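So you can see what is in the structure, the chains are spelled out below.
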Amino acid sequence: MVGSAVLLHVIAVVIWVGGMFFAYMVLRPVAASQLEPPVRLKLWSGVFGLFFPWVWISIVVILATGFWLIFGAYGGMGDVGGYVHTMLTLGIVMMLIFFHVFFAPYKRLKRAIEAQDWPEGGKQLGTIRKLVGINTLIGIATIAVASGGRYFMG
């Protein structure tokens with residue numbers, strides 16, 4: 001059962017962090033260099049509309065498997081290494097950033113596109129870009145902690 005929980009946990013992390021890395025490092029620069037604002041903003045709204053449900057699913061899976069592992073398999077927070085506490089803290093920060101992106105700038109981006117307010121849409125996309133960049137870095141750090149933490153942090 002532990003192996004299945006770890007596997008699901010890792011798959012959910014790969015979907016979320018890998019998706020952000022691809023969007024930020026690959027799709028963003030190409031879209032910015034080749035598409036005019038109306039088309040670029042509509043593209044991003046569509047991309048987010050397909051990607052964000054996967055992020056929600058990933059968050060549910062990450063929390064369910066993570067807490068099950070901590071409390072069901074490893075005996076609780078007092079019995080896990082410091083790297084698990086760090087991983088959990090970073091993961092919660094990532095989730096809070098995502099919640100903000102989803103409920104604030106993404107919502108405003110969709111409204112701006114409906115109103116064909118391209119400058120406002122660009123502003124909201126810029127905010128999302130910065131937050132996704134931060135979350136990508138935190139996600140990579142969390143993966144480093146998760147995979148190497150027991151060897152370096154105890």
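Structural notes, computed from the coordinates. (Residues numbered from 1 in each chain as written. Predicted model: local features only at pLDDT ≥ 70, side-chain atom pairs only at ≥ 80, totals over all residues. Heavy atoms only, no water.)

Helix and strand counts for the protein come out as five helices and zero strands. Sequence-ordered secondary structure for the protein, helices as α and strands as β, is α-α-α-α-α. Expressed as lengths along the three principal axes of its C-alpha atoms, the size of the protein is roughly 55 × 25 × 20 Å. Within the protein, residue pairs in contact and separated by at least 24 positions form 80% of the contacts whose partners lie at least 6 positions apart. (Helix = DSSP H or I, 4+ residues; strand = E, 2+ residues; numbered from the N terminus. Contact = heavy atoms within 4.5 Å.)

What follows concerns the packing of helix α2 (residues 37-73) against helix α4 (residues 105-114). At a minimum axis separation of 10 Å, α2 and α4 run at an interaxial angle of 140°. In terms of axis orientation, α2 runs oblique to α4. Helix-helix and strand crossings are classified by hand; for α2 and α4 the assignment is left-handed. Between α2, through L41, K42, S45, F48, G49 and F52, and α4, the contact on the second element is made entirely by Y106, L109, K110 and I113. Partitioned by chemical class, the residues of the contact of α2 with α4 number six nonpolar, two polar and two charged. (Axes fitted to C-alpha atoms, helices over the stretch in contact; angles between N-to-C directions. Parallel < 35°, antiparallel > 145°, perpendicular 65-115°, else oblique. Left-handed = near helix turned anticlockwise from the far one by under 90°. Nonpolar A, V, L, I, M, F, W, Y, C, P; charged D, E, K, R; others polar.)

For the rest of this paragraph, the subject is α4. Every buried residue of α4 is listed here: P105, Y106, L109, A112 and I113. Along the long axis of α4, the arc covered by the buried residues comes to 120°, so they all point the same way. Where α4 is buried, its residues contact α2, α3 (82-103) and α5 (118-152). One or two residues past the end of α4 sits Q116, with phi positive at roughly 55°. (Buried < 20%, exposed > 50% of the residue type's maximum accessible area, 1.4 Å probe, protein only. Arc of directions from axis to C-beta.)

A few words on the nonpolar core. Formed by 27 residues in total, the largest nonpolar core has its most connected members in W16, M20, F48, F52, V55 and I128. Every element with two or more residues in this core is listed here: α1 (2-34), α2, α3, α4 and α5. At eight residues, the largest contribution of residues to this core is made by α2. Ranked by size, the runner-up nonpolar core spans five residues in total, among them V80, Y83, V84 and V145. (Core = buried A, V, L, I, M, F, W, Y, C linked by side-chain atoms within 4.5 Å.)

Here the focus is the environment of G46. Among the secondary structure elements, G46 is positioned in helix α2. Along the chain, G46 and K110 lie 64 residues apart, while their C-alpha atoms are 9.6 Å from each other.

In contact at an axis separation of 9 Å, α3 and α5 are set at 165° when each is read in the N-to-C sense. Taken as axis vectors, α3 and α5 run roughly antiparallel relative to one another. For the crossing formed where α3 meets α5, the hand is left-handed. Residues Y83, T86, M87, L90, G91, V93, M94, I97, F98, H100 and V101 of α3 pack against I128, L131, I134, N135, I138, G139, A141, T142, V145, A146, G149 and R150 of α5. Its residues placed into classes, the contact of α3 with α5 shows 15 nonpolar, seven polar and one charged.

Our next topic: the side chain of T136. Relative to the elements of secondary structure, T136 occurs in helix α5. Excluding residues within four positions of it along the chain, T136 makes contact with M20 and F21.

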